[in-house]
Structure formats: C-alpha cells, structure tokens
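A look at the structure
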Amino acid sequence: MAYETIIVDVEDHICLIKLNRPDALNALNQQLLGELMTALEEADANDSVRCIVLTGSEKAFAAGADIKEMSTMSFAEVNSVNLFADANVRIMQIRKPIIAAVSGYALGGGCEIAMACDFIIAADNAKFGQPEINLGVIAGMGGSQRLTLAVGKSKAMDMNLTGRFMDAEEADRSGLVSRVVPAKKLMEETMSAANKIAEKSLIAARTAKEAVNRSFEVPLTEGLLVERRLFHSLFATEDQNEGMEAFLEKREAQFRDR
Ligand code: CAA
C-alpha cells in the first residue's frame, strides 16, 4: 500500500516504520494513525517480518495528536468517531515485537504510541510528556494509564497535571524506557536490538510478549498460571527442541518457527 504520512521499509526480517510529517513534528492526524495501524497489521501478517521498529525524526518521534485537526471538533464528533480508541485497540493486537526508537519530542499521543510499543529505546535528546492539560483536555490514548503503570502514580500525576516534560535520563531512571543511547547511535542500537529479536524463535518471541502483557491485565496468581501454561505449550514446538539441543551441542540454534 502507498502511504503518505509514514515510510515503511522491510529489510532483513525487520519492518522499519518512520513517522513522516516533518512540517508538523509528526503530529498524529487521523490519516497518519490509520496508515500506521495498517502498516503494523501488514507487518504482523508478513511472514518475512520478525520484528517491527517504529521511529520518527531526530527532532520529534511525534509531538502528539494533531491539534489543528482536533481544535474544531465538538464532543459529538470526537464521541462519534471514538477518537484514538481504534488505534489503541489495534496496536494492542499486534503479536510481533515492536520497538519504539524515540529521538526528540514524544508528547501526548506521541508518548502514548511509544508506550503502546513493547519497549522504548531513547536517544539522549528524547523528551517525554503528557501536556494535554495545557490544551484544556487530558491524555486520550493511554497517557493516564500506561504512564502510571510505567513510572508510578507520583510521576504520572506530576506529568499529567503540570504538563512538564521528562528528559531521557529521568525516563531511564523511572523505568519508562529500556535504555538511553547517544542520539547519533539511536538507529544503530535499535536495529541491533531488533536483529537480536529477529534471530529468536518467532513463536517464543510472540509468546514472551503475550506473557508479559498479561501481567497488566490479571492478578499475580493468574498471571503465573498463564505463564506456566504458555511455557508448557512451547514444549510442543520444534524450536524448543532445537534451542535446547543447540545449547547442549555448543552451537547457534537455527529456529524455524515451528
Ligand atoms: N499538532 C499539530 N501541529 C503541531 C503539533 C501538534 N501536536 N506539534 C507541533 N506542531 C506544528 C506546529 O504548529 C508548527 O507548525 P507551523 O510551522 O505550521 O506553525 C510545527 O509543528 C513546528 O512546531 P513548533 O514551531 O511549535 O516547534 P518548537 O520547536 O518551537 O516546539 C514543541 C516544539 C514543544 C513540541 C511544540 O510544538 C508543542 O508544544 N507542540 C504541541 C505538544 C502537545 O501539546 N501535544 C499534545 C497534543 S494533544 C494529544 O496528544 C491528545 C492525546 O492524548 C491523544
């Protein structure tokens, strides 16, 4: 499919999706969100893709929902299109691992899309925030929920109520991102992480993602039960056999996603 607001490139089992509205700091309008969800779903369905990387520009991952597009909408309109709900649900249904590579601003919907990915690698110039309060609204795509799960109540309240930004160092310290790298090395480091994931059994990678995500939905005893059952289920795969045999034979495993 031809896209106008994103650039999609599939190479060496990795699907790289770049948000591309440079004049608006990658503000998320409905077209961009629609194209992004379609690209993610296509990557999820494409057998040659084993990991997805989502990024923006050096200055902005995304500066939030498109304020111009939203500014004239009435309650009835946002309610009837269920603004942002569709994207939030669709991104959660992607089963392959998604890494967000964040440079510059990840604000409002930009921060929320990054948090909806499986983990965030941040450049040292990254800035995260939920500044919707400055516009007289609140976060609408997970910023009050996923940010709280990631950094705890105090920081989430601080950011949602004052609208202040969190820099990369604080985001790292608070557990919002998995690691911080020099801005110039962001894509090299992220692609290296994506390559590592792409070398694993895709069945195991999908299952690991499913198990971790379950922890947000169910109590611990239930989560541990789900994990144990998922763990058991992997013993039905050829990849489990290959992975363990390769270890014992002191060689690299050759996973075949079976
Ligand atoms: N929507 C639409 N356009 C945006 C935008 C947004 N969220 N963010 C930036 N832009 C546009 C600006 O209007 C500007 O366009 P023009 O050149 O045509 O005027 C261009 O991008 C460059 O932006 P700035 O000149 O403002 O750049 P800056 O470097 O001075 O400031 C910034 C950068 C601090 C990120 C500032 O642009 C900013 O505060 N942006 C808005 C951030 C925001 O409030 N995000 C939350 C949106 S609401 C939301 O996301 C709801 C939700 O939860 C789903």
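Residues numbered from 1 in each chain as written. Predicted model: local features only at pLDDT ≥ 70, side-chain atom pairs only at ≥ 80, totals over all residues. Heavy atoms only, no water.

Another point: helix α9 (residues 186–198). An α-helical turn contains 3.6 residues, so a residue and the one three or four places further along point in the same direction. End to end, α9 covers 18 Å across 13 residues, agreeing with the expected 18 Å (1.5 Å per residue, within 8%). Residues of α9 that are buried: Leu186, Thr190, Ala193, Ala194, Ile197 and Ala198. Take α9 and look down its axis: the buried residues cluster within an arc of 140°, on one side only. On its buried face, α9 sits against β2 (14–19), β3 (51–55), β5 (98–102), β7 (119–123) and β10 (179–181). (Helix = DSSP H or I, 4+ residues; strand = E, 2+ residues; numbered from the N terminus. Expected span 1.5 Å × (residues − 1). Buried < 20%, exposed > 50% of the residue type's maximum accessible area, 1.4 Å probe, protein only. Arc of directions from axis to C-beta. Contact = heavy atoms within 4.5 Å.)

Here we come to a nonpolar patch on the surface. Together, Ile67, Leu135 and Val137 give the surface a local cluster of nonpolar side chains, amounting to about 260 Å² of exposed area. With respect to the element layout, Leu135 can be found in the loop between β8 (127–129) and α6 (146–151). (Patch = residues over 30% accessible without salt bridge, like charges linked within 9 Å, V, L, I, M, F, W, Y side chains within 5 Å. Areas by Shrake-Rupley, 256 points an atom, 1.4 Å probe, with all protein chains shown as cover. Salt bridge = Lys/Arg side-chain N within 4 Å of Asp/Glu carboxyl O.)

Here we come to the site of the ligand. For the ligand, the set of nearby residues contains 23 residues, the closest of which are Lys59, Ala65, Gly109, Glu112 and Glu132. Between the ligand and Asp23, the relevant distance is 3.4 Å, taken from an oxygen atom to a main-chain nitrogen or oxygen of the residue. The fraction of the free accessible surface of the ligand (980 Å²) that becomes covered by protein chains is 65%. Within the residue set of the shell around the ligand, elements represented by two or more residues are α2 (67–71), β6 (105–107) and α5 (109–116). Taken together, the residues of the shell around the ligand sort by class into 14 nonpolar, 4 polar and 5 charged. (Near = heavy atom within 4 Å. Polar contact = N/O pair within 3.5 Å; in protein donor to acceptor, adjacent residues only side chain to side chain. Nonpolar A, V, L, I, M, F, W, Y, C, P; charged D, E, K, R; others polar.)

Bringing the pattern of salt bridges into the picture now. Scanning all chains against the criterion turns up 12 salt bridges. Of the charged contacts, one joins Asp86 and Arg90 as a salt bridge, the two residues approaching to 3.0 Å between their closest N and O atoms. Pair noted here: Asp86 and Arg90 are both in helix α4 (residues 85–92), with a separation of 4 residues, about one helical turn. Note on Asp86: relative accessible area 48%, which makes it partly exposed. In this structure, the salt-bridge partner of Asp158 is Arg164, at a minimum N-O distance of 2.9 Å. Classification of Arg164 by relative accessible area gives partly exposed; the value is 28%. Three or more residues joined by partner-sharing salt bridges are found here, namely Lys155, Asp158, Arg164 and Glu170.

When a strand is regular, its side chains alternate between the sheet's two faces. Of all the 5 residues making up β5, 5 are buried; the element is thus mostly covered by neighbouring parts of the structure. Side chains Ile98, Ala100 and Val102 of β5 all project onto a buried face; the interleaved residues Ile99 and Ala101 project onto the opposite face, where all are buried too. With 4 bridges connecting them, β3 and β5 associate as parallel partners. Bridge pairing links Thr55 to Ala101 in β5. Examined bridge by bridge, β5 and β7 share 4 bridges and lie parallel to one another. (Pairing = 2+ DSSP bridges.)

For the chain, the domain assignment lists domain 1 (6–198) and domain 2 (201–249). A separation of 27 Å is found between the C-alpha centroids of domain 1 and domain 2. Taken together, the two surfaces of domain 1 and domain 2 that pack against each other cover about 760 Å², and 54% of this comes from carbon and sulfur. Across the domain 1-domain 2 interface, the total number found is 1 salt bridge. A salt bridge links Lys209 to Asp118; the nearest nitrogen and oxygen atoms lie 2.9 Å apart. Connecting domain 1 to domain 2 are 3 residue pairs in polar contact (both at pLDDT 80 or more). Considering only residue class, the side of domain 1 that touches domain 2 consists of 6 nonpolar, no polar and 5 charged. (Domains from an automatic or database assignment. Buried area = accessible area lost by both parts, 1.4 Å probe.)

Turning our eyes to something else, we now look at unusual backbone geometry. Positioned with a positive phi, His13 is a non-glycine residue whose angle comes to about 70°. Here His13 is to be found in the loop between β1 (6–11) and β2. The exposure class assigned to His13 is partly exposed, which follows from its relative accessible area of 43%. Positive phi, normally seen in glycine, also occurs at Asn82, with a value near 50°. Structurally, Asn82 is set in the loop between α3 (75–81) and α4. For Asn82, a relative accessible area of 48% translates into the label partly exposed.

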